[in-house]
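Structural features, examined
Single-letter residue listing:
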Amino acid sequence: MARHSTHPGGASRVRRRALLGAVVLVVLVALAGLAAYLTRDGRGPAETPAPPPSSPSGSSSAPSASGSSTPHTRPRALPVPPKTHDPIAFGKAAAAALWSYDTRAYSQHDLRKALRGWLTTEAKYADPASVDKVVPSAVLWKEMAANGQFATAKVYEGHFPNAFTRALQEDPGAITQAYVYAVTVSGKQSIAWKGSPTGGAESRATTLVVQCRPDRPCALVGVMPSVAP
């Protein structure tokens, strides 16, 4: 995954991430606290970690004690965005989709395409690069597929970050230009592979930018580079 930092498109990804931050700043003028999270570590990876190595020995996480967190052994379909006008409900669904994959059921290209289908159709707000960043590379995907690796997600909680809530309280009308919300989601990713159906589990947290206009269902804008509390 380190090779991505030297990819010719790396600079454009950084600029795109900066643009996402600028858009949120324009839409939510008073959101100074959230702006810090959007701009800091702009050259780093998204908060959602990459999947672990495909071999069982590479996983350092112990299996979850809860049966509800054990990955399903049946191949899973590609993620489909929910039809909801609730930004927190959408953010939780989006986080679950971003933390899940199944190399047995579809290709890396198919997953990237499906996740891009969650993005808003308003190009000036959409940040597809931040979504692509959480999908394993084609090379890593091939290695994972050889072991039948897959992951499922369990979402525990979703909320508006503190800075976002304060900004809305101070200026409720600021959001009515683009209806862009920040949503922080926490949960757990469970991973398994051939020969290890229970696999291991690891905590996850991410902050997403979600657009929920009154006249259409919510859509994803992008993934923030840092988690906003």
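This text goes with the structure placed above it.
Now for a look at the structure at hand. None of the values given here were measured: they were computed from a predicted structure.

Within the structure shown, the criterion is met by seven salt bridges. A salt bridge links R112 to D132; its shortest N-O distance comes to 2.9 Å. On the criterion of sequence distance, the pair formed by R112 in helix α4 (residues 108–116) and D132 in helix α5 (residues 128–132) is long-range, its members being 20 residues apart. On the basis of relative accessible area, R112 is assigned to the partly exposed category, the value being 31%. The partner of R216 in a salt bridge is E122, with the nearest N and O atoms 3.1 Å apart. One end of the pair, R216, is in the loop between β4 (196–211) and β5 (219–223); the other, E122, is in the loop between α4 and α5, with 94 residues separating them in the sequence. Overall, R216 belongs to the partly exposed group, its relative accessible area being 31%. With relative accessibility at 15%, the residue E122 sits in the buried group.

Turning next to α4. Residues of α4 that are buried: Q108, L111, A114 and L115. The buried residues of α4 occupy an angular sector of 125° when the element is viewed end-on, so they sit on one face. Exposed side of α4, more than 90 degrees from the buried face: H109 and K113 are the residues found there. Those residues of α4 that are buried are in contact with α3 (87–98), β1 (101–102), α5 and α6 (138–146).

Of the pairings in the sheet, the one linking β1 to strand β2 (residues 150–159) comprises two bridges and is antiparallel in character. By the bridge assignment for β2, D102 is matched with F150. Direction of pairing for β2 relative to strand β3 (residues 180–193): antiparallel, over a ladder of nine bridges. Opposite K154, over in β3, you have K188 as the bridge partner.

Cut-off values and rules
- Residues numbered from 1 in each chain as written.
- Predicted model: local features only at pLDDT ≥ 70, side-chain atom pairs only at ≥ 80, totals over all residues.
- Heavy atoms only, no water.
- Salt bridge = Lys/Arg side-chain N within 4 Å of Asp/Glu carboxyl O.
- Helix = DSSP H or I, 4+ residues; strand = E, 2+ residues; numbered from the N terminus.
- Buried < 20%, exposed > 50% of the residue type's maximum accessible area, 1.4 Å probe, protein only.
- Arc of directions from axis to C-beta.
- Contact = heavy atoms within 4.5 Å.
- Pairing = 2+ DSSP bridges.

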